[in-house]
Number of protein chains: 2
Amino acid sequence: MKKEVNDIRGLAEVLGLSITTVSRVLNGKSIRYRISATTQQRVVQAAKEYNYKPNKLARGLKLSKTDTLGLIIPDISNPFFADIAQSIEKEARSKGYSLILCDSREDHLVEKELIELLISHKVEGIIIAPMGTDYKHIIQTYDSGMPLVVVDRCFPEIGLPFITSDNYQGGIDAVNYLISMGHRKIACIQGIPKSRPTVERVRGYNEAFRNNGIPVDDSLIVGNDYSTENGYKQTRILFSMEDPPTAIFALSNLIGLGVIKAIDEMGLKIPDNISLISFDEQPYSAFLGTPMTTIDQKKSEMGQLAVDILLKYITNKEYRKKVVHMTLKTNLIVRDSVKKIN
Amino acid sequence: MKKEVNDIRGLAEVLGLSITTVSRVLNGKSIRYRISATTQQRVVQAAKEYNYKPNKLARGLKLSKTDTLGLIIPDISNPFFADIAQSIEKEARSKGYSLILCDSREDHLVEKELIELLISHKVEGIIIAPMGTDYKHIIQTYDSGMPLVVVDRCFPEIGLPFITSDNYQGGIDAVNYLISMGHRKIACIQGIPKSRPTVERVRGYNEAFRNNGIPVDDSLIVGNDYSTENGYKQTRILFSMEDPPTAIFALSNLIGLGVIKAIDEMGLKIPDNISLISFDEQPYSAFLGTPMTTIDQKKSEMGQLAVDILLKYITNKEYRKKVVHMTLKTNLIVRDSVKKIN
DNA sequence: TTGTAAGCGTTATCAC
DNA sequence: GTGATAACGCTTACAA
C-alpha cells in the first residue's frame, strides 16, 4: 500500500492517462471504448495500490443516482421493526444500495422532518413504517415523484403502495381461537387507534364475535399505542373493573409484555387467572413465564419485498404507474397462554 | 404550495436575485452581508412556497461536509445492538447528523467492505461495533484520518478510541454471585472467543474463582459466538457430561435464550436443575419462565457517548490526538434464575 | 484507443 | 448590499 490518492484525477496523473480513460475502466466500460488490456490492467492495479475510492457525492451529483435509500421506522428498539430493518438493509445492500436509518419515535412532526431530510440527501427511494394516523406528508412526497413504499402501518384508502400483514385475518384467527377455548369476555388492547394494523385487527376482533353470534362489548376495546406502558396501564385498569375479562388480545409484542408485567405484579397467573394472546412472535415468546400464544408476522419477507418493489419503482418508470398493495398471511402459534374455560 | 423548484438557481430566478444572495440568506448569513430585511424575508418565504430543499450532495461536495455518520453493527436484530443503534441515531440527529446503517452480520469480509462503502459515501465519521477478532482494516481507516469510535467489541491493546462496558467487573460480579450462592461447577458459554467482551468476561470469571480460592475447570468454558444457537448447542453438550455444571454463565442475551431453550427441551427447570445468569438485560428478562438474573449494560449511554466523542473528533482537530478509552459500569440484576445450593 | 471540456447544485472569493 | 465566477469530483458528449 503506497500513498493514497483521493481523486480520479490523482489516479490519472500517476498513470499518465486522462481522467476519462480511468473513469471508463473503473466503470467497466473498457470494452465499449476498446481500451487496451494493458491500460485497463494498469488502471485497476493502480486504483487498488493507491487505495482509490470513488466519491459517491460527486457521482451522485452528476448522475442523479446516489445508491441510497431512506428508511423511516417508528421505533428501532422494538424488535418487530428491528427485524424488518435488518431484512431491508440486507436486501438493499445486496442490490447495491445503502440505507439512511431514521427513527421517528412515533412522532408525527419528526416523521415529516425526516422525509424532508431524506429528500435533501437525495435518496432514490423511501421505505416508511409511519405512525399511521396521517398521510398528507407521505402522499405529497410520493406525488412529487419520489419512489416510496409504506410498510406495516399502511393507508389502503389512498393510492400509496404498501406491504403489510393480513391484520384482519390475524385478528379473526386470534379471537376465534379465544372463543373456541370458551372465552366470551375478551379485552382488546389496541395500538395507535387510527393506525391501520390496529383498525384491521379490531375489525377482525369484531368479525370473529359476529361470526360466533356473540355480541361485542365495546368497552373492552381499550388502549392507545403500541408500547409496553400502554399494555401495562390498560391491564391494571381492566382488572379494576367489577367483572374483569377472562382473556386479553394484545395488539403488539410490547403491549403483551406490559400485560404480563401487570398480571405479574397483581400476583395473578397466565392462563389460570387470565388468558393472553399477542400479536408479533419473538424469539423469547416461547420462553416467557407462560409460553405465549402469538400471531406471527412474516417480517423478513415484508422487508425484502418492500425493497424489491421500491427498486422496481426506481428503475422502471412504467412500473411506477402500478400501485402495489400487498398483504402477507399471518400465522397463529398456539402455546400455553390461553386456558380452556367453561 | 405552488410549483416546485429544485435549484437554488430556480429560486434565485423567480426572485430576481442572484444565487449568491439566496444562498447567503438560506445559510443564515444575512447579517454578515447586510442583506436587506425585505430581501431576506422574500427569500425565506419563496423557499417555503416553492418547497425548495437544498441538495446535500452538492453541498457536501463543495464543503467536504456531508452531515452523515456511518454505523456498522454486527446484528441489528439483536436487541442489544438495536438499543445502541437507537440511541446513536437519536443523538446523531439531534446534532444535525444522519446515519447510514450497515449490518455486517458478524462477517469479517462484509465488515471490511462496509467501511469502504462508508468512505465512498464520504461519511464524516464512523461508529463501529466490529466482529472484534481483527482490527487491521479498522486501524487503517482510523490512521488514514477518518474519525472513528469503536463500540462494545473494542481493542484496548491498540490506539483506537473505544467505549465499552466494564466486562471484566461484570464477569466478576456474575460469578461472585454464583459462588456466593454455593455454586462451584459453573459453566461459561462464551461469545466470539477472541472478541474483547468475551475475553474480559472470562477473565472476570477466572478472577472470581481465584478470589474465592477455587480452582477453575477450563473444560467448562465453552462456545464460540453470541448467538442463540450457540447457547442451545453448548447447553446440550454440557448436559451430556457425566456430571453437568450446577450453573451457567451466558455471555449474551441471545446465548441465554438458547440455554433456556435447551433446558426447556430436556424437561429441566431453572433454577431447580440448573442456575443461569446472563449478560444483557432486556425488557423480557423479568418475564421469562424463570425471571432471569442478568448483568445490565448502559446501552443508551454507550450510544450517546459514542456519538459525542465522535463529533468531538470531527469538529476539533486538537481533540483528535486524544485516544478516548471509556468503560461503563455494569449492574447485576438479581432475580430468580439462581438457586442457593449446598 | 484516448483526450477535452461542460455541467451536476452548492458555497467562497473577489469585485462592485 | 448584491453579484459573477471558480471550484468540489465525477461522467459523458464530442473531438481527435
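Turning next to the environment of asparagine 273 of chain B. Residues and elements named next belong to chain B. Structurally, asparagine 273 can be placed in the loop between helix H11 (253-265) and strand E9 (275-279). Judged by its relative accessible area of 38%, asparagine 273 is partly exposed. Taking the C-alpha atoms as reference points, asparagine 273 and proline 245, 28 residues apart in sequence, are found 9.6 Å from one another.

Further remarks concern the protein's contact with DNA strand C. For DNA strand C, the set of nearby residues contains 28 residues, the closest of which are Ser18, Thr20, Arg34 and Lys62 of chain A together with Tyr52 of chain B. Within 4 Å of the protein, the contacting atoms of DNA strand C are drawn from sugar and phosphate to the extent of 61%. Threonine 39 of chain A has a polar side-chain atom sitting 2.9 Å from a phosphate oxygen of DNA strand C. With respect to DNA strand C, the side chain of lysine 62 of chain B contributes an N or O atom lying 3.5 Å from a base oxygen. Those elements giving two or more residues to the surface near DNA strand C turn out to be helix H2 (19-26) and helix H4 (56-63) of chain A together with helix H2 (19-26) and helix H4 (56-63) of chain B.

Within a sheet, adjacent strands bond to each other through the backbone by hydrogen bonds, running parallel or antiparallel. Residue and element names in this part refer to chain A. With mixed pairing, the six strands of this open sheet are ordered in space as E7-E6-E8-E9-E10-E12. At either end of the open sheet lies a strand with only one pairing partner, and these are strand E7 (221-222) and strand E12 (331-333). Sheet topology note: the strand E10 (residues 293-296)/E12 ladder contains three bridges and is antiparallel. The partner of isoleucine 295 across the bridge, within E12, is leucine 332. Packing against the sheet, helix H9 (residues 196-211) makes contact with strand E6 (186-189), E7, strand E8 (247-250) and strand E9 (275-279), and its axis sits at approximately 170 degrees to E6. This element, helix H11 (residues 253-265), spans E6, E8 and E9 of the sheet and lies at about 155 degrees to E9.

It is worth spelling out the protein's contact with DNA strand D at this point. Neighbouring DNA strand D are 27 residues, the closest being Ile8 and Tyr52 of chain A together with Thr21, Arg24 and Arg34 of chain B. Among the atoms of DNA strand D lying within 4 Å of the protein, the sugar-phosphate backbone contributes 64%. Between DNA strand D and asparagine 27 of chain A there is a distance of 3.3 Å, counted from a phosphate oxygen to a side-chain nitrogen or oxygen. Those elements that provide at least two residues to the surface near DNA strand D are H2 and H4 of chain A together with H2 and H4 of chain B. Partitioned by chemical class, the residues of the surface near DNA strand D number ten nonpolar, nine polar and eight charged.

Once chain B has been moved 0.0 Å along the axis and rotated by 180 degrees, it coincides with chain A to within an RMSD of 0.0 Å. In symmetry terms, the pair is related by a two-fold rotation axis. Mapped onto chain A, 100% of the interface residues of chain B again fall at the interface, so both copies present the same surface.

Turning next to empty space enclosed by the protein. Scanning the entire structure with this criterion turns up five cavities of 30 Å³ or more. Estimated volume of the largest cavity: approximately 170 Å³. Secondary structure elements with two or more residues in the lining of the largest cavity: H4 of chain A together with H4 of chain B. Partitioned by chemical class, the residues of the lining of the largest cavity number four nonpolar, six polar and two charged.

Take the sheet that holds strand E3 (residues 125-128) of chain B next. Overall, mixed pairing links the twelve strands, which are arranged E11(A)-E5(A)-E4(A)-E3(A)-E1(A)-E2(A)-E2(B)-E1(B)-E3(B)-E4(B)-E5(B)-E11(B) in an open sheet. Two strands close off the open sheet at either side, each with one partner strand: strand E11 (325-328) of chain A together with strand E11 (325-328) of chain B. Mean inter-strand twist for the sheet, computed between neighbouring axes without regard to direction, equals 20 degrees. For strand E5 (residues 162-165) of chain A and E11 of chain A, the ladder comprises four bridges, and the chain directions are parallel. Paired with threonine 164 of chain A across the two strands is threonine 327 of chain A, which belongs to E11 of chain A. Its contacts with the sheet place helix H5 (residues 79-94) of chain A against strand E1 (68-73), strand E2 (98-103), strand E3 (125-128) and strand E4 (148-151) of chain A together with strand E2 (98-103) of chain B, and it is angled at close to 80 degrees to E2 of chain B. The strands touched by helix H6 (residues 108-120) of chain B within the sheet are E2 of chain A together with strand E1 (68-73), E2 and E3 of chain B, with E1 of chain B carrying the most contacts at an inclination of about 175 degrees.

Within this model, the second largest pocket holds a volume of roughly 1800 Å³. Along its surface, the second largest pocket is lined by 50 residues, and Ile119 and Lys122 of chain A together with Lys53, Pro54 and Asn55 of chain B are the ones closest to its centre. Where the lining of the second largest pocket is concerned, the elements lending two or more residues are H4, helix H6 (108-120) and helix H7 (136-143) of chain A together with H2, helix H3 (37-49) and H4 of chain B. Here the element with the most residues in the lining of the second largest pocket is H6 of chain A; it accounts for seven residues. Class assignment of the residues belonging to the lining of the second largest pocket gives a composition of 20 nonpolar, 14 polar and 16 charged.

Contact residues are listed per partner, giving 47 residues for chain B and 47 residues for chain A. Across the interface of chain B and chain A, roughly 4600 Å² is buried in total on both sides, 63% from carbon and sulfur atoms. Summed over the shared surface of chain B and chain A, the result is two salt bridges. Lysine 53 of chain B is the salt-bridge partner of glutamate 116 of chain A, the closest N and O atoms lying 3.9 Å from each other. Applying the counting rule to chain B against chain A returns 20 residue pairs in polar contact (both at pLDDT 80 or more). Mapped by element, the contributors of at least two residues to the side of chain B that touches chain A are H4, helix H5 (79-94), E2, H6 and H11 of chain B. Residue composition of the side of chain B that touches chain A, grouped by class: 21 nonpolar, twelve polar and 14 charged.

Right, let's talk about the packing of H5 of chain B against helix H12 (residues 299-315) of chain B for a bit. All names here are of chain B. Orientation of H5 relative to H12, taken along the N-to-C sense of each, is 40 degrees, at an axis distance of 8 Å. Taken as axis vectors, H5 and H12 run oblique relative to one another. For the element pair H5 and H12, the recorded crossing hand is right-handed. Every residue of H12 that contacts H5 at Phe80, Asp83, Ile84, Ser87, Ile88, Glu91 and Ala92 is listed here: Lys299, Ser300, Met302, Gly303, Gln304, Val307 and Asp308. Residues belonging to the contact of H5 with H12 are distributed by class as follows: six nonpolar, four polar and four charged.

So, about the state of the cysteines. Under the criterion given, the structure shown has zero disulfides over all chains. Cysteine 102 of chain B provides the cysteine sulfur closest to cysteine 102 of chain A, a residue in no disulfide bond, and the two sulfurs are 14 Å apart. Lacking any disulfide linkage, cysteine 154 of chain B is separated from the closest cysteine sulfur, that of cysteine 188 of chain B, by 17 Å.

A word on the pairing of strand E6 (residues 186-189) of chain B. Where a strand is regular, its side chains alternate between the two sheet faces. Residues and elements named next belong to chain B. Neither face of E6 is open: one carries Ile186 and Cys188, the other Ala187 and Ile189, and all of them are buried. Two strands pair when backbone bridges link them, and E6 and strand E8 (residues 247-250) are joined in this way by four bridges, in the parallel orientation. When the sheet's bridge partners are listed, isoleucine 186 is paired in E8 with alanine 247. As paired strands, E6 and strand E7 (residues 221-222) are joined by two bridges and run parallel to one another. Across the sheet, isoleucine 189 pairs through a bridge with valine 222, a residue of E7. For the crossover from E6 across helix H9 (residues 196-211) to E7, the handedness is right-handed.

Reading guide: rules and limits
- Residues numbered from 1 in each chain as written.
- Chains lettered and ligands numbered in written order.
- Predicted model: local features only at pLDDT ≥ 70, side-chain atom pairs only at ≥ 80, totals over all residues.
- Heavy atoms only, no water.
- Helix = DSSP H or I, 4+ residues; strand = E, 2+ residues; numbered from the N terminus.
- Buried < 20%, exposed > 50% of the residue type's maximum accessible area, 1.4 Å probe, protein only.
- Near = heavy atom within 4 Å.
- Polar contact = N/O pair within 3.5 Å; in protein donor to acceptor, adjacent residues only side chain to side chain.
- Pairing = 2+ DSSP bridges.
- Contact = heavy atoms within 4.5 Å.
- Axes fitted to C-alpha atoms, helices over the stretch in contact; angles between N-to-C directions.
- Nonpolar A, V, L, I, M, F, W, Y, C, P; charged D, E, K, R; others polar.
- Least-squares fit on C-alpha atoms with pLDDT ≥ 70 in both.
- 1 Å grid on protein atoms, 1.4 Å probe; cavity = no way out; pocket = protein on both sides within 12 Å on 5 of 7 lines; lining within 4 Å.
- Points joined across faces, edges and corners; volume = space filled by probe spheres on them.
- Buried area = accessible area lost by both parts, 1.4 Å probe.
- Salt bridge = Lys/Arg side-chain N within 4 Å of Asp/Glu carboxyl O.
- Parallel < 35°, antiparallel > 145°, perpendicular 65-115°, else oblique.
- Left-handed = near helix turned anticlockwise from the far one by under 90°.
- Disulfide = S-S within 2.5 Å.
- Right-handed = clockwise from strand over helix to strand, strands pointing away.

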